[in-house]
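# Reading the structure
In case you want the letters, here they are:
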Amino acid sequence: MKEEIKRNVVKEICSDFVDTIIVGMEEYEKDFPYSLAVINFILELREKGINVNTNMFIDVIWDNMYKEFTNYLGR
């Protein structure tokens with residue numbers, strides 16, 4: 001029960017970060033080269049009928065995307 005409440009509280013708080021990052025991707029594309037490349041790659045594959053999810057990417061790409069997000073949020 002406590003774990004569920006903790007997760008819900010964190011999810012609620014982090015939802016604002018999601019909106020902030022999405023706006024940042026639209027307004028500051030140059031700050032998100034890895035993230036936008038991954039998004040475009042997934043989109044292209046799905047348009048070709050190939051189902052891809054984010055679990056398929058290696059840690060190096062995840063690390064770079066994480067850095068992009070934290071750098072943007074840390075401004």
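Overview of the structure. The numbering scheme is per chain: residues are counted from 1 as the chain's sequence reads. With pLDDT at 70 or above as the cut-off, local features in this predicted model cover only qualifying residues; side-chain atom pairs require 80 or more to be listed or tallied, and sums for whole chains, interfaces and linings still use all residues. Side-chain figures throughout are based on the complete set of non-hydrogen atoms in the structure, without hydrogens or water.

### Focus on the packing of aromatic side chains
The geometry of two aromatic rings is summed up by the distance between their centres and the angle between their planes. Side-chain rings of Phe, Tyr and Trp, where Trp is taken by its six-membered ring, are said to pair if the distance between their centres is within 6.5 Å; with planes under 30 degrees apart they count as stacked, over 60 as edge-to-face, and otherwise as tilted. Tallying each qualifying case throughout the model produces 3 aromatic pairs. With 5.9 Å between their ring centres and 45 degrees between their planes, Tyr-28 and Tyr-72 make a pair best called tilted. Here Tyr-28 is found in the loop between helix 1 (2-27) and helix 2 (33-47), whereas its partner Tyr-72 is found in helix 3 (residues 59-73), with 44 residues between them in sequence. Under the relative-accessibility criterion, Tyr-72 is labelled buried at 13%. Here a set of aromatic residues connected by ring pairs shows up, and it is made of Tyr-28, Phe-32, Phe-69 and Tyr-72. Only when the NZ of Lys or the CZ of Arg is both within 6 Å of the ring centre and within 35 degrees of the ring normal is a charge said to sit over the ring. Across the ring face of Tyr-28, the terminal group of Arg-75 is positioned such that the distance to the ring centre comes to 4.9 Å. Here a helix means four or more residues in a row that DSSP labels H or I, a strand means two or more in a row labelled E, and each is numbered from the N terminus. Type-normalised accessible area, obtained with a 1.4 Å probe on protein chains alone, sets the label of each residue: buried when under 20%, exposed when over 50%, and partly exposed for intermediate values.

### Describing the pattern of salt bridges
Salt bridges are counted wherever a side-chain nitrogen of Lys or Arg sits within 4 Å of a carboxyl oxygen of Asp or Glu. If you walk through the whole model with that rule in mind, you get 4 salt bridges. Notably, a salt bridge pairs Lys-6 with Glu-3, separated by 3.5 Å at the nearest N-O pair. Of this pair, Lys-6 and Glu-3 are both found in helix 1, 3 residues apart, which corresponds to roughly one turn of the helix. Residue Glu-3 is classed as partly exposed on the basis of its relative accessible area of 43%. As a salt-bridge pair, Lys-30 and Asp-31 come within 3.5 Å of each other at their nearest N and O atoms. We classify Lys-30 as exposed; its relative accessible area is 68%. Residues participating in the shared-partner salt-bridge network are Glu-3, Lys-6 and Arg-7.

### Quick notes on the packing of helix 1 against helix 3
Relative orientation of the contacting elements helix 1 and helix 3 amounts to 95 degrees, with a least axis distance of 10 Å. As judged from the angle between their axes, helix 1 and helix 3 are roughly perpendicular. Contacts from Phe-17, Thr-20, Ile-21, Gly-24 and Met-25 in helix 1 reach Phe-69, Tyr-72 and Leu-73 in helix 3. Gly falls in the polar group here, along with every residue not listed as nonpolar (Ala, Val, Leu, Ile, Met, Phe, Trp, Tyr, Cys, Pro) or charged (Asp, Glu, Lys, Arg). Considering only residue class, the contact of helix 1 with helix 3 consists of 6 nonpolar, 2 polar and no charged. To get an axis, a line is fitted to the C-alpha atoms, and for a helix only the part in contact is used. The angle between two axes follows their N-to-C directions and goes from 0 to 180 degrees. Roughly parallel here means an angle under 35 degrees, roughly antiparallel means over 145, roughly perpendicular means 65 to 115, and every remaining angle is called oblique. Residues count as neighbours in contact if any of their non-hydrogen atoms are within 4.5 Å of one another.

### Focus: the nonpolar core
If you look at the biggest cluster of nonpolar residues, it comprises 6 residues: Val-38, Ile-42, Leu-45, Val-52, Phe-57 and Met-65. Here the element with the most residues in this core is helix 2; it accounts for 3 residues. Ignoring any residue separated from it by four or fewer positions in sequence, one finds Met-65 in contact with Tyr-34, Ser-35 and Val-38. Buried Ala, Val, Leu, Ile, Met, Phe, Trp, Tyr and Cys residues form a nonpolar core when they are joined through side-chain atoms within 4.5 Å.

### Some points on the packing of helix 2 against helix 3
Relative placement of two packed helices is described by the angle separating their axes and the distance separating the axes. Between helix 2 and helix 3, the shortest axis-to-axis distance is 7 Å and the interhelical angle comes to 125 degrees. By the criterion of interaxial angle, the relationship of helix 2 to helix 3 is oblique. On helix 3, the residues touching Pro-33, Tyr-34, Ser-35 and Val-38 of helix 2 are Ile-61, Asn-64, Met-65, Glu-68 and Phe-69. In the contact of helix 2 with helix 3, the residues fall into 6 nonpolar, 2 polar and 1 charged.

These results come straight from atomic positions and should not be treated as a statement about function.
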